[in-house]
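Summary of structural features
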Amino acid sequence: MSPGRPLFKKVAITGGAGYVGSALVPHLLQEGYDVTVMDLYLYGRHVFKGVEHADRLHEVEVDIRDETAVARHLAGVDAVIHLACVSNDPSFELNPALGRSINYDAFRGLLRAVSSHRIKRFIYASSSSVYGVKEERDVHEDMTCEPLTDYSKYKLLCEDLLKQGRWRDMEWVILRPATVCGWAPRLRLDLTVNTLTIHALVRKKITVFGGSQLRPNIHIQDMAAAYGLLLEAPREAVKGETFNIGTQNCSVSEIADIVRSEIGDGSVTIVTEPTEDLRSYHINSDRIRRTLGFKPRWTIQDAVRSLVEAYRAGKVHDPLNNISYYNIKTMQALKLEEGLYV
Ligand SMILES: NC(=O)c1ccc[n+]([C@@H]2O[C@H](COP(=O)([O-])OP(=O)(O)OC[C@H]3O[C@@H](n4cnc5c(N)ncnc54)[C@H](O)[C@@H]3O)[C@@H](O)[C@H]2O)c1
């Protein structure tokens, strides 16, 4: 950990066994934190096999909707990063009542538990999708939010709960991330850059619908570093703040071109199909750069390269059929109900 900065020793991460968590947890262990992962392990238990500094990692299988259990496991924790979620539109729409119970209803109980333990810092993973579609190119944090889906709507409602609550000394901060990309131990292949890359590798063909639509992106290692920065930042820089976090807004066609050129053997064809859905999403992340000095280290090219290397090294198993890479397919197979899961 950086010397001279406020230091939280014990960090709990809800949903820490997911895609982002699988990169964030090793990063925080490396930085010297004690990390408690609180997760249902919907996408598998293999995530932290062989991780370095495992003696400082505590894994707890818990449903974040179980307030009593959550409160019990938060004893002694200094900071919480809240990632647990039904984390995309289609999985949410599969069972909206279940989605709401995890993404929104559980949030109140989690906040009560955090507050009752007087946990100092609470970092909430919202989403840049809360803005909906905007004509403006530079969508910044003070613009109105017009979420278009229930997933985004409940992300925003959780933000409101944080903003409206009285949390004594709790320093809460909201992060609105772009779409994450690149290889991680719990891999998602249902995100734009990752999907296009895997199709290029396996099918040798990328189908782009439209192509001019802009998408904001962030490399998974930069995502992990950003959460680390939010833990290290002084109270006055983060308390009650909202930050966008993305590093490159790119059109889908540009992403396809990057993928083809990174694979580099001339084998990949890009096919463009017409679509009526030309909605663009793009964000401005100057605030986190200005306030916290966040500097991205990685590009979309790096993310594609990490996926190509992992695939060629045999680390991505049956990528088009393995349901653990696709949130909606896993959720369909698990047939989760609204009741507590564990
Ligand atoms: N990945 C992205 O591109 C992206 C972009 C913007 C925001 N986010 C947000 O970041 C967070 C992490 O995203 P991700 O891609 O790692 O998602 P993910 O789906 O890979 O991980 C979510 C984790 O939450 C766990 N979980 C789900 N319901 C739970 C419950 N009731 N109790 C305990 N654990 C539960 C799952 O088992 C999973 O490990 C999410 O909140 C997501 O909305 C992600």
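Above: the structure in question.
Residues numbered from 1 in each chain as written. Predicted model: local features only at pLDDT ≥ 70, side-chain atom pairs only at ≥ 80, totals over all residues. Heavy atoms only, no water.

1. Thoughts on the overall build of the protein chain
Of the regular secondary structure elements, the protein chain holds twelve helices and twelve strands. For the C-alpha atoms alone, the extent of the protein chain along its principal axes is close to 55 × 45 × 40 Å. Across the 342 residues of the protein chain, 54% fall into the buried class. For the protein chain, the separation between the mean place of its 42 positive charges and that of its 43 negative charges on side chains is 3 Å. (Helix = DSSP H or I, 4+ residues; strand = E, 2+ residues; numbered from the N terminus. Buried < 20%, exposed > 50% of the residue type's maximum accessible area, 1.4 Å probe, protein only. Lys, Arg positive; Asp, Glu negative; His and termini not counted. Charge placed at Lys NZ, Arg CZ, Asp CG, Glu CD.)

2. Re the sheet that holds strand β3 (residues 57-61)
Whether parallel or antiparallel, the strands of a sheet pair through hydrogen bonds between backbone atoms. Taken together, seven strands build an open sheet; the order of strands is β3-β2-β1-β4-β5-β6-β10 and the sheet is parallel. Only two strands of the sheet have a single neighbouring strand rather than two, namely β3 and β10 (241-245). The mean inter-strand angle of the sheet, taken between neighbouring strand axes irrespective of direction, is 15 degrees. (Pairing = 2+ DSSP bridges. Axes fitted to C-alpha atoms, helices over the stretch in contact; angles between N-to-C directions.)

3. Some points on unusual backbone geometry
Positive phi values are uncommon outside glycine, yet Arg-118 reaches one of about 55 degrees. Mapped onto the fold, Arg-118 is located in the loop between α4 (96-116) and β5 (121-125). Its relative accessible area of 55% is what places Arg-118 among the exposed residues. Phi is positive for Asp-318, close to 50 degrees, though the residue is something other than glycine. Locating Asp-318 in the fold gives a position in the loop between α11 (300-312) and α12 (327-334).

4. Some thoughts on the sheet that holds strand β11 (residues 248-251)
Taken in spatial order, the three strands line up as β7-β9-β11 in an open sheet, and their pairing is mixed. Unpaired on one side and paired on the other, β7 (179-181) and β11 mark the two borders of the sheet. In this sheet, adjacent strand axes meet at a mean angle of 45 degrees when their direction is disregarded. Sheet analysis places strand β9 (residues 214-219) next to β11, joined by four bridges and oriented antiparallel. Counterpart to Arg-215 in the pairing with β11 is Cys-250.

5. Description of the environment of Lys-153
Along the chain, Lys-153 turns up in helix α5 (residues 150-164). A sequence separation of 22 residues divides Lys-153 from Leu-175, and the C-alpha atoms of the two residues are 15 Å apart.

6. Topic: the packing of helix α9 (residues 252-263) against α11
Direction vectors running N to C along α9 and α11 enclose 50 degrees, while the axes themselves pass 10 Å from each other. Taken together, the axes of α9 and α11 are oblique relative to one another. In terms of crossing hand, the pair formed by α9 and α11 is right-handed. Note on element contacts: α11 touches α9 through Ile-300, Gln-301, Val-304, Arg-305, Val-308 and Arg-312, opposite Ile-258, Val-259, Glu-262 and Ile-263. (Parallel < 35°, antiparallel > 145°, perpendicular 65-115°, else oblique. Left-handed = near helix turned anticlockwise from the far one by under 90°. Contact = heavy atoms within 4.5 Å.)

7. Here's the deal with empty space enclosed by the protein
Under the counting rule described, the total for this entry stands at one cavity of 30 Å³ or more. In this structure, the largest cavity encloses a volume near 40 Å³. Lining the largest cavity are His-82, Ala-84, Cys-85, Ile-102, Asn-103, Tyr-124 and Lys-155. Within the lining of the largest cavity, the residues separate by chemical class into four nonpolar, two polar and one charged. (1 Å grid on protein atoms, 1.4 Å probe; cavity = no way out; pocket = protein on both sides within 12 Å on 5 of 7 lines; lining within 4 Å. Points joined across faces, edges and corners; volume = space filled by probe spheres on them. Nonpolar A, V, L, I, M, F, W, Y, C, P; charged D, E, K, R; others polar.)

8. What about the layout of surface pockets?
Within this model, the second largest pocket holds a volume of roughly 250 Å³. Around the second largest pocket sit 14 residues that line it, and His-27, Ala-225, Leu-229, Phe-294 and Arg-297 are the ones nearest its centre. Residue classes in the lining of the second largest pocket are distributed as five nonpolar, four polar and five charged.

9. Some words on the packing of aromatic side chains
All chains considered together, the criterion is met by four aromatic pairs. Ring geometry for Tyr-104 versus Tyr-154: centroids 5.4 Å apart, planes at 35 degrees, classification tilted. A residue pair is termed long-range when its members are at least 10 positions apart, and Tyr-104 in helix α4 and Tyr-154 in helix α5 qualify at 50 residues. Taken as a pair, Tyr-104 and Tyr-154 share a single burial class, namely buried. Plain terms: the ring middles of Phe-107 and Phe-122 are 5.9 Å apart, the flat faces sit at 65 degrees to each other, and that makes the pair edge-to-face. Taken together, the residues Phe-107 in helix α4 and Phe-122 in strand β5 connect sequence positions 15 residues apart. Note on accessibility: Phe-107 and Phe-122 belong to one class, buried. (Phe/Tyr/Trp six-rings, centres within 6.5 Å; stacked < 30°, edge-to-face > 60°.)

10. Comments concerning the pattern of salt bridges
Scanning the model with the defined rule gives 21 salt bridges in all. A salt bridge links Asp-63 to Arg-65; its shortest N-O distance comes to 2.7 Å. The same class applies to Asp-63 and to Arg-65, which are both buried. For Asp-302, the salt bridge identified is with Arg-305, shortest N-O distance 3.3 Å. Highlighted residues: Asp-302 and Arg-305, both in helix α11, separated by three residues, approximately one helical turn. Look at Arg-305 and you get partly exposed, because its relative accessible area is 36%. Through salt bridges with shared partners, a single ionic network connects Glu-141, Asp-142, Glu-241 and Arg-287. (Salt bridge = Lys/Arg side-chain N within 4 Å of Asp/Glu carboxyl O.)

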